Amino acid sequence: MQNKGLVKLFALLFGLVSIYQLSFTFKAKQIENAAEEIAISKIDDTEEGYRAKRSAEETAYLEAIATDTVFNMGIAKFTYNEVKQKAMNLGLDLKGGISATLQISIRDILKGLANHTKDPVFNKALDDAAEIQKNSQNTYLEDFFIAFDKIKGDTKLASPDIFYTKALDGEISGNMTDDEVKAIISTKIDESVVSAFEVLRKRIDEFGVTQPTIQRIGTSGRILVELPGVKDKERAIKLLQSTAQLEFWDAYKGEQFFPFLAQANEVLKDVVSPKTETAEQEPQDTEDAQDSAIDDLLGEAETDSTTVSTVNPIFDLIRGQGYQGGPIIAQFEAKDKETIENYLSMSQVRALLPAEQRYAKFVFGKPKKGSELLDLYALKGNRENEPELSGAVVTDARNQFGATGKSEVSMQMNAKGAKIWEEMTGNAYTQGSQIAIVLDNVVYSAPGVTTGPIAGGSSSISGDFSLNEAIDLANVLRAGKLPASADIIQSEVVGPSLGQEAIDSGKMSFMIALALVLVWMVFYYGKAGAFADVAMALNILLIFGILSGLGAVLTLPGIAGIVLTIGMSVDANVLVFERIREELAKGKGQKEAIQDGFSNALSSILDANITTGLTALILFIFGTGPIKGFATTLIIGIGTSLFTAIFITRLLIDWYSNRGGNLAFSTPITKNLFRDIRIDFLSKRKIAYIISGAFIVVSLGSLFTNSLDQGVDFVGGRTYQVRFNHDVSASEITGVLSSPDVFGSANAKIFGDANQVKITTKYLVEETGSEVDEQIRKTLYTALQPYFEGLTYEEFISDADTKTVGLLKTDKVSPTIADDIKQESFWAVLGSLIVVFLYILIRFKKWQYSLGAVAAVFHDVLIVLGVFSLTYKFMPFSMEIDQAFIAAILTVIGYSLNDTVVVFDRVREFFNEHTGWKFDRVVNASLSSTLSRTLNTSLTTLVVLLAIFIFGGDSIRGFMFALIVGVIVGTYSSLFIATPVMYDTVNKLEGKKKEED
C-alpha cells in the first residue's frame, strides 16, 4: 500500500481529534454528577418535595459555575458553558425533554393582512381551505388560493375589502391581477413565518435550555422545536405557544356595571334553563330582584347561606365583588368563566348596555395562587376593538422585585408609545380610574395612577407573579409577539427516568454486540480478525468523535445505527479476507495474496457501501428527530468503516506481514469452511419463485384483510406510556378508557413488561391547546387511579429523575401532519428504489441488473410488511407502523442491495475473466464464491441485531424485529431472487436476439 505515512498521520490526527471532542462529554458528565451529589448532600430525602428542591439546587450550582474555568487542557481553558456546548448532544429518548412541531396559523396571518375584513368571499375561502386541508398535501396558503379562485366571481384579491388595504398600500394596488397579488401575499406569509421562527428562537435562548434545536419544515409554516433535558415541560409548552398579545386598555369602574348585570340576569332567566328544579320560595318582582342583586354586589345585605337560589343565571355564579371605585365588577369561579363569557356576548344582553358603554369589552383576570376565583373587568372598547396602546411599542422588558418584594416586569417603550402612555396615565390620574394591562386577553393587573402622568415610557407590570412567571413574561415581551397563533400539531414528551433507562439499555446492547463481533472475527479469521478488531475500535472512536464534533444528536435509534454499523463494517473486512483466502488457495504468496485481495475487493466494498449510503441519505432527508439521528450515525458509520477497513486494517496486516508474521486468515476450525462449494443455484430458482410467490400472496392477503397496526404517526392521535407498580390487564385498561365518560375509544397494549402499557386514543385529537392536553391527562389519571397505590396526580405527571411509576412518555400527532408523514414515508421508500435502480444501471450498464435488484427489494419489503400484518396482534412487543418502521424498511433495502451488489460485482468479474463459460455457469460460480461472505456477514449482523433486540429497550424492539426479518429475507433474496431474475431477463433477451438473427 502506498502513502502509508499519510494514512498513519490521518489516523493519528482523526483519533486525537475524536478523543479531544469526546473529552468535553466526559468532563460535562463529571461536573453534572458533582452537582447532583452536592444537591443530595444539601437536601435530605425526608424533606417535602425533595426532588424538586434537589433539581433547583443542582441547576443553581451549574448556573453559578457557568462562566468559571472548569477544564484546563494545558493548551486551552474552558468554562462550564463552553464544555457543555462542546459535549455530545443527547436526544429526547436518552435525556428526556420535549419535541414539538408548531403550526403557525397562516389563516390568522391572512386575516391580519386583510385587516380582519368581513368580506364574505374571503372568509368563505378561509373556511373552505380549512376543509380542503384535511385531505390535501398542499400548504394552507395554496389551498386558500384554490378555494378563493373557485368562488371569487368578480371579487379580486386586490379589492379594498381584502388585500388593497392601508397597511399594504404601495405594495398592492387596485389594478393588480390575482396572480400578482398571490406572489406578494406569499412573500408576506413567508416573512411572517420567518418572524415567528425568530421570536421562538429568542424565547428558547432566553429560556436557558442547553443545545436546543429549532428549524423550519419546508414552506408549510411548521417549525420543529426540540428541548432536550428541559425540566419544567408545562412551562416550556406555554412559552412556545404564547402569542404575547400585550395591550393597554382604560378600565371602567366596576360599580358602573351593577345595574347592567341585574338587567342581564333578568333577561337571561327567559333564555337559560334553570340548572335544577326551582326551590320553594316566595315570588319576587323584578325591581326587588334587581335591588337585592345590587345590594349583594355592594356588600350591603346579609346573605342567608341556607337560601337556595336557582333562577338567577348570573347572580347564582357570583362568588365575590371588587372594592368601591375599583375596576373589578365581580368574582366568579374559574369553571364558570366560559359560561359568563357566553352570557355577556349574547346580542340580547349586549343590547342592555347604555350608549356610552356599548363597546365595553369584558375580560377576566389572571388566576390568583391558591384560589379558584377570577375577577371580571370591563374595559373601554371601541368600534374597531383595538386597544389605545399595544405591546408593539415595548422595546425592552426585565423581571425585577417591586417595593413589596414581589416579582414584577419592568418595561421600556419607544417614543411613540411613551407619548401615548403619558396621555393614558394622565387621564387615569385625573379621573381616578385604572389602566388594565392585558396579555393574551387576560388582565394581569389594573393599577391606578397616583403620582400624575408617567413620562419617558418606563413603567412596570405587577400581578402577583411567581419568579418564573415574571421571567417568562419578560422574555416573551423582549423577544416579541408571534405574528399568529402557534398550535402544537405533533409533540413528544419523554420523562428523564425513561431516558436514563434508554441509556442503560443502549449501553448494554452496544457492549454485548461489540463483544460478540470482536470474538467472532478472532474465532473465524485468527490474527487477521484481531487486526480487524483494532480497526473496528478506531472506527467506533471516530464515529463518536465525529458525532460530537458536528454537534449531531445521539438518539436511541442512533445507538442502534452505530451498533448496526459495527455489524455491517465487518462486511468490508470479510470481503477483503475472503478474497485473500481465495488468492492464497490459488497458490499465491502471502504478500501478493494480500495485495490482490484488497485490490479485488475494493469494487465490491465501494458498490455495497454506496447503495447503503444512498438509502441512508434519503432517510436523513425525509426523516425527523430520532430517525434522522439513526440516518446520521449510519452515514457517518459507512464513511468511517470504509476508512478503517480499507486503510487501517491494511496498514496493520502489511506491518505484521513485513515483519515476517504468518497470516492464514482462518483458524483450524474455519480453515476449510465454504471451500470448493459448487451449488447449482439457478436450477433451484423455480422452487424459490414458488416459495416466494406463496409468501407474497399470503402477505398481500393479510395486508388487505388484517391490515397493519398503524401508529399515531400515520393516523393521528395521542399515546401515553404508563407504568404501574404491579402487572395489569391491557384489555381491562382498554375497557376502562373506552367508556363514554372517559375517552369513548382507546386502545391499551402491554409495552415491554406486564406492568407497562402504551395507550392510544383519538379523543379530542383535533384540539391543540395545552389546556386540552392537561384536561386529557387529568381524565387519564382519574380513570387509572384505582390501579395505582396512593399515587397523586402531581406524582403521576412528575419529571423526577428516579420516577418508576406513572406517566413516562406522551406523544401527540394531529391528523393533518399524520397524512403528511405518511406521504413523506411513501416518497422516501419509492425515492430510494428509484435512486438505487439508477445507480446499479450506471454501475453495471445493464437494466437487467437493476431489475433483479429492485425485484428482490420489493420482495423483501412485501414479506416484512406481511410478517408484521400477520403477527402484530399477538407479539409481546409493539409492532406499530410508524416513522421508525419506515427507517427499518429503508435499512432493509440498503442491506438487501448490499448483498445483491456484491454478487453482481462477482458476476461481472467472472464474466470478464472466463469468456468461454456459459452465463449460467458464471452466475452459479459467482453465487458459490460469495456464499462465505454472504453468510458470514449476515450471521454477524444478525447476532448484533439480536443483541439490540434483547437488550436494547422496549421502544426499539419492533424496529429491530423488522431489521432481523429483513436481514434474513434479504440474504435469501440476494441468492434466490435478485440474481435469478437478472439471469432470466438476460437469457430471454439473448433468446430474442438469436431468433431475430
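Below, the structure is looked at part by part. Source: prediction; values computed, not measured.

## Looking at the nonpolar core
In step 1: Grouped together as the largest cluster of nonpolar side chains are 118 residues, with contacts concentrated most on Phe 577, Ile 840, Phe 885 and Ile 893.
In step 2: The element best represented in this core is helix 31 (residues 957-996), accounting for 17 residues.
In step 3: Look past the residues within four positions of Phe 885 in its chain and what remains in contact with it is Val 864, Leu 865, Phe 868, Glu 880 and Ala 962.
In step 4: Ile 98, Ala 114, Leu 126 and Val 181 belong to the second-largest nonpolar core, a separate cluster that totals 46 residues.

## Examining the side chain of Asp 709
In step 1: Here Asp 709 shows up in the loop between helix 21 (685-705) and helix 22 (712-715).
In step 2: Among residues more than four places away in sequence, those in contact with Asp 709 are Lys 749, Tyr 872, Met 879, Glu 880 and Ile 881.

## Describing the pattern of salt bridges
In step 1: Counted by the stated rule, this structure contains 22 salt bridges.
In step 2: Across the pair Arg 906 and Glu 909 runs a salt bridge, and its minimum N-O distance is 3.8 Å. With Arg 906 and Glu 909 both in helix 28 (residues 883-913) and 3 residues apart, the pair spans about one turn of that helix. Accessibility classification places Arg 906 together with Glu 909 in one group, the buried group.
In step 3: Several salt bridges share partner residues, and in doing so they unite Asp 149, Lys 152, Asp 178 and Lys 182 into one network.

## Some thoughts on the packing of aromatic side chains
Both the distance between ring centres and the angle between the ring planes are used here to describe each pair of aromatic rings.
In step 1: In total, this model carries 38 aromatic pairs according to the counting rule given.
In step 2: On the numbers, 5.2 Å between centres and 15 degrees between planes, the contact of Phe 844 with Tyr 849 is stacked. A single burial state applies to Phe 844 and to Tyr 849, both of which are buried.
In step 3: Ring pairs connect the aromatic residues Trp 520, Phe 523, Tyr 524, Tyr 525, Phe 577 and Phe 665, which therefore count as one cluster.
In step 4: A cation over an aromatic ring shows up here: Lys 846 above the ring of Phe 911, its NZ or CZ 5.6 Å from the ring centre.
In step 5: The ring of Trp 917 has Arg 921 lying over it, and the distance from NZ or CZ to the ring centre is 3.9 Å.

## Remarks on a nonpolar patch on the surface
In step 1: Together, Leu 617, Phe 620, Ile 621, Phe 622, Ile 635, Phe 826 and Trp 827 make up a nonpolar patch on the protein surface, roughly 660 Å² of accessible area in all.
In step 2: At the level of elements, helix 19 (590-622) and helix 26 (815-844) are the ones that each hand at least two residues to the nonpolar patch.
In step 3: With 4 residues, the single largest contributor to the nonpolar patch is helix 19.
In step 4: Tracing the backbone through its elements, the reader meets Ile 621 in helix 19.

## Details of helix 23 (residues 730-737)
In step 1: Among all positions in helix 23, only Ala 730, Ile 733, Thr 734 and Leu 737 are buried. The buried residues of helix 23 all sit within an arc of 105 degrees when viewed along its axis, so they share a single face.

## Things to note about the packing of helix 28 against helix 29 (residues 919-929)
In step 1: Viewed as axis vectors pointing N to C, helix 28 and helix 29 meet at an angle of 130 degrees, and their least axial separation amounts to 9 Å. Taken together, helix 28 and helix 29 sit at an angle that is classed as oblique. For the crossing formed where helix 28 meets helix 29, the hand is right-handed. Here Val 903, Arg 906, Val 907, Phe 910 and Phe 911 of helix 28 come into contact with helix 29, specifically with Phe 919, Val 922, Val 923, Ala 925, Ser 926, Leu 927 and Ser 929.
In step 2: In the contact of helix 28 with helix 29, the residues fall into 9 nonpolar, 2 polar and 1 charged.

## A word on the environment of Phe 364
In step 1: Mapped onto the secondary structure, Phe 364 falls in strand 10 (residues 361-364).
In step 2: With 12 residues separating them in the primary sequence, Phe 364 and Leu 376 have C-alpha atoms 4.6 Å apart.
In step 3: Ignoring sequence-local partners within four residues, the contact set of Phe 364 consists of Phe 332, Lys 337, Ile 340, Glu 341, Leu 374, Asp 375, Leu 376, Tyr 377, Asn 441, Val 442 and Val 443.

## Structural notes on the side chain of Asp 119
In step 1: By the element assignment, Asp 119 lies in the loop between helix 5 (106-113) and helix 6 (120-133).
In step 2: Lys 124 provides the closest opposite charge to the buried, salt-bridge-free Asp 119, at an N-O distance of 12 Å.
In step 3: Looking at Asp 119, its side chain comes within polar contact range of the main-chain nitrogen of Val 121, at 3.1 Å.
In step 4: Excluding anything up to four places from it in sequence, Asp 119 contacts Thr 155, Asp 161 and Ile 162.

What counts as what
By convention here, each chain's residues receive numbers from 1 onward along its written sequence. The predicted nature of this model means local features are confined to residues of pLDDT at least 70 and side-chain atom pairs, given and counted, to a pLDDT of 80 or more, with totals for whole chains, interfaces and linings taken over all residues. With hydrogens and water stripped out, all remaining heavy atoms of the structure feed into the side-chain values. Grouping buried Ala, Val, Leu, Ile, Met, Phe, Trp, Tyr and Cys residues that are joined through side-chain atoms within 4.5 Å yields what is termed a nonpolar core. Here the term buried applies to any residue with accessible area under 20% of the maximum for its type, exposed to any over 50%, and partly exposed to those in between, with areas from a 1.4 Å probe on protein chains only. In this text, helices come from DSSP runs of H or I with a minimum length of four residues, and strands from runs of E with a minimum of two, each type numbered from the N-terminal end. Contacts are residue-level and defined by heavy atoms, with any inter-residue pair within 4.5 Å sufficient. Whenever Lys or Arg places a side-chain nitrogen within 4 Å of a carboxyl oxygen from Asp or Glu, that contact is recorded as a salt bridge. Centres within 6.5 Å are what make two rings of Phe, Tyr or Trp a pair, Trp counting through its six-membered ring; a difference in plane orientation under 30 degrees is then read as stacked, over 60 as edge-to-face, and the rest as tilted. Charges are assigned to positions over rings by a cutoff of 6 Å between ring centre and Lys NZ or Arg CZ, combined with an angular limit of 35 degrees from the ring normal. Patch membership needs two things, relative accessible area over 30% and no salt bridge, and members are linked within 9 Å if like-charged or within 5 Å if nonpolar (Val, Leu, Ile, Met, Phe, Trp, Tyr). Every accessible area reported is derived by Shrake-Rupley at a probe size of 1.4 Å, with residue values counting cover from the shown protein chains alone. The directions considered for the arc are those from the helix axis to the C-beta atoms. For helices, the fitted line uses only the C-alpha atoms of the stretch in contact; every axis is such a line through C-alpha atoms, and the angle between N-to-C directions lies from 0 to 180 degrees. These descriptions rest on fixed angle ranges, namely under 35 degrees for roughly parallel, over 145 for roughly antiparallel, 65 to 115 for roughly perpendicular, and the rest for oblique. Each crossing gets its handedness from the near helix: less than a right angle anticlockwise from the far helix is left-handed, clockwise is right-handed. For this classification, Asp, Glu, Lys and Arg are treated as charged, while Ala, Val, Leu, Ile, Met, Phe, Trp, Tyr, Cys and Pro are nonpolar and the rest, including Gly, are polar. We treat Lys and Arg as the positive residues and Asp and Glu as the negative residues; His and chain ends play no part in the count. Contacts described as polar in this section are N or O atom pairs within 3.5 Å, which, within protein, must combine one atom able to donate a hydrogen with one able to accept it, while residues neighboring in sequence count only if both atoms come from side chains.

Read these as geometric descriptors, not functional statements.
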